[in-house]
Amino acid sequence: MKIDILTLFPEMFNALNYSIIGKAQEKKIIHLNTVDFRKFSNNKHNQVDDYPYGGGHGMILKVEPIYNALNFLGKNEKTKVILLCPQGEKFNQKKAEELSKEEHLVFICGHYEGYDERIRDFLVTDEISLGDFVLTGGELAAMTIIDSITRLIPNVLSKEESHMEDTFTTGLLEYPQYTRPREFKGMKVPEVLFSGNHKKIKEYKLYNSLMKTYNRRPDLLKKYTLNEEEKTFLDRIQKNKLQNK
């Protein structure tokens, strides 16, 4: 996958040269390229923003440098051009999975009050937001999304690091996990995990995954189709909660 990033601060993306994303680049599974779109401005001062027509606060990102930069990158009908903005579709695991299957992504990171609407109307294919809050620029949002989608690309993670049981991949929050030591300052690991009974361990994980989702993110259960075993577990969880009130 090729990922181009239009930004005024290319050095911010050095953070993606480490850990799993760095290894994915080394293996040439992904190719990251940062582009300072100030170089594609049409004026001698390399100005990429201007005051909005009709008045208003702040500066607006101009359409010309973005248009020129996209042409330079050779975008085509298969390229996904993503604008990071608060008005966009809220990012989630499903969107990450969709984008991880693309061949070429371009992220546009603004740093001003807003964008010339012609960027939205004619140059981008997707608008994405991380949530109902505002950042100073699109760089941190782009890094978060790139990290999220890269780990879903085949051969980026090993079998031991598989994302298939991740929170939001299954539709439920992930079950509790533990490692050595077995007991620390009186805090013990559940005995069932040492039983060697794979059926009981699987049931423990499913039950606790459901319980965590029910207690922390009940909204996820509204979108989740329960099988018979899960319905039985959820019924038990709900009854236990009522009894403990």
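Reading the values: rules and limits
- Residues numbered from 1 in each chain as written.
- Predicted model: local features only at pLDDT ≥ 70, side-chain atom pairs only at ≥ 80, totals over all residues.
- Heavy atoms only, no water.
- Helix = DSSP H or I, 4+ residues; strand = E, 2+ residues; numbered from the N terminus.
- Rg over C-alpha atoms; globule rule 2.2 N^0.38 Å.
- Buried < 20%, exposed > 50% of the residue type's maximum accessible area, 1.4 Å probe, protein only.
- Pairing = 2+ DSSP bridges.
- Salt bridge = Lys/Arg side-chain N within 4 Å of Asp/Glu carboxyl O.
- Core = buried A, V, L, I, M, F, W, Y, C linked by side-chain atoms within 4.5 Å.
- Axes fitted to C-alpha atoms, helices over the stretch in contact; angles between N-to-C directions.
- Right-handed = clockwise from strand over helix to strand, strands pointing away.
- Parallel < 35°, antiparallel > 145°, perpendicular 65-115°, else oblique.
- Left-handed = near helix turned anticlockwise from the far one by under 90°.
- Contact = heavy atoms within 4.5 Å.
- UniProt positions renumbered as here; feature names shortened; annotations may be inferred.
- Polar contact = N/O pair within 3.5 Å; in protein donor to acceptor, adjacent residues only side chain to side chain.
- Lys, Arg positive; Asp, Glu negative; His and termini not counted.
- Phe/Tyr/Trp six-rings, centres within 6.5 Å; stacked < 30°, edge-to-face > 60°.
- Lys NZ or Arg CZ within 6 Å of the ring centre and 35° of its normal.

Looking at the overall build of the protein
Counting secondary structure elements, the protein contains eight helices and 10 strands. Against the 2.2 N^0.38 benchmark of 18 Å for 245 residues, the protein shows a C-alpha radius of gyration of 23 Å, more extended than a compact globule. Projecting the C-alpha coordinates of the protein onto the three principal axes gives extents of approximately 70 × 40 × 40 Å. The buried share among the 245 residues of the protein stands at 40%.

A closer look at the sheet that holds strand β3 (residues 49-50)
Strand order in the open sheet formed by three strands is β3-β4-β7, and the pairing between neighbours is mixed. The outermost strands of the open sheet, each flanked by one partner alone, are β3 and β7 (114-115). Inspection of the sheet shows β3 paired to strand β4 (residues 60-61) by two bridges, in the antiparallel sense. Bridge pairing in β4 places D50 opposite I60.

Some words on the pattern of salt bridges
Under the defined criterion, the tally for this structure stands at 15 salt bridges. Measuring nitrogen to oxygen at the nearest pair gives 3.8 Å for the salt bridge that ties K95 to E98. Of the two residues, K95 and E98 both sit in helix α3 (residues 93-99), three residues apart, roughly one turn of that helix. Classification of K95 by relative accessible area gives buried; the value is 7%. What makes E98 partly exposed here is its relative accessible area of 38%. Each of K80, E89, K95, E98 and D126 takes part in a single network of salt bridges with overlapping partners.

Remarks on the nonpolar core
With 28 residues, the main nonpolar core has I30, L84, L99, F107, I145 and I149 as its most contacted residues. When residues of this core are assigned to their parent elements, the largest contribution, six residues, is made by helix α5 (residues 139-150). With 21 residues, the next largest nonpolar core counts L6, L8, L73 and C85 among its residues.

Some thoughts on the sheet that holds strand β2 (residues 31-36)
Within a sheet, adjacent strands bond to each other through the backbone by hydrogen bonds, running parallel or antiparallel. Strand order in the open sheet made by the five strands is β2-β1-β6-β5-β8, with parallel pairing throughout. Unpaired on one side and paired on the other, β2 and β8 (126-129) mark the two borders of the sheet. With direction set aside, neighbouring strand axes in the sheet form an average angle of 30°. For strand β5 (residues 80-90) and β8, the ladder comprises five bridges, and the chain directions are parallel.

Concerning the pairing of strand β1 (residues 2-7)
β1 sits mainly inside the fold: five of its six residues count as buried. Looking at chain direction, β1 and β2 are connected through six bridges and run parallel. Bridge assignment links L6 to a residue of β2, and that residue is V35. This β-α-β element, β1 to helix α1 (residues 19-26) to β2, shows right-handed connectivity. Direction of pairing for β1 relative to strand β6 (residues 104-108): parallel, over a ladder of five bridges. The residue bridging K2 from the neighbouring strand is H104, located in β6.

A closer look at the packing of helix α6 (residues 198-216) against helix α8 (residues 228-243)
At a minimum axis separation of 10 Å, α6 and α8 run at an interaxial angle of 55°. Regarding the angle of α6 to α8, the classification is oblique. Taken as a pair, α6 and α8 cross one another with a handedness that is right-handed. Contacts between α6 and α8 pair E203, L206, Y207, L210, M211, Y214 and N215 from the former with E229, E230, F233, L234, R236, I237, Q238, N240 and K241 from the latter.

Comments concerning the UniProt feature "binding site: S-adenosyl-L-methionine" (unreviewed entry) in the protein
The sites that carry the UniProt feature "binding site: S-adenosyl-L-methionine" (unreviewed entry) are, in the present numbering, G110, L130, G131, D132, F133, V134 and L135. Here K90 takes part through its side chain, which lies 3.4 Å from a polar atom of the side chain of D132. Looking at the element boundaries, V134 is found in the loop between β8 and α5.

Remarks on the side chain of E139
Relative to the assigned elements, E139 resides in helix α5. This buried residue, E139, is left without a salt bridge; R38 holds the nearest opposite charge, at 9.3 Å.

Focus: the packing of aromatic side chains
Scanning the model with the defined rule gives two aromatic pairs in all. Each ring, one from F40 and one from F72, has its centre 5.2 Å from the other, and the planes form 50°; the classification is tilted. Placement of the pair is F40 in the loop between β2 and β3 and F72 in helix α2 (residues 63-73), with a sequence separation of 32 residues. On the basis of an interplanar angle of 85° and a centroid distance of 5.6 Å, the ring pair of Y207 and F233 is categorised as edge-to-face. Here F233 lies in helix α8 and Y207 lies in helix α6, a separation of 26 residues in the sequence. With respect to burial, Y207 and F233 carry one shared label: buried. Between the NZ or CZ atom of R182 and the centre of the ring of F194, over which it lies, the distance is 3.6 Å.

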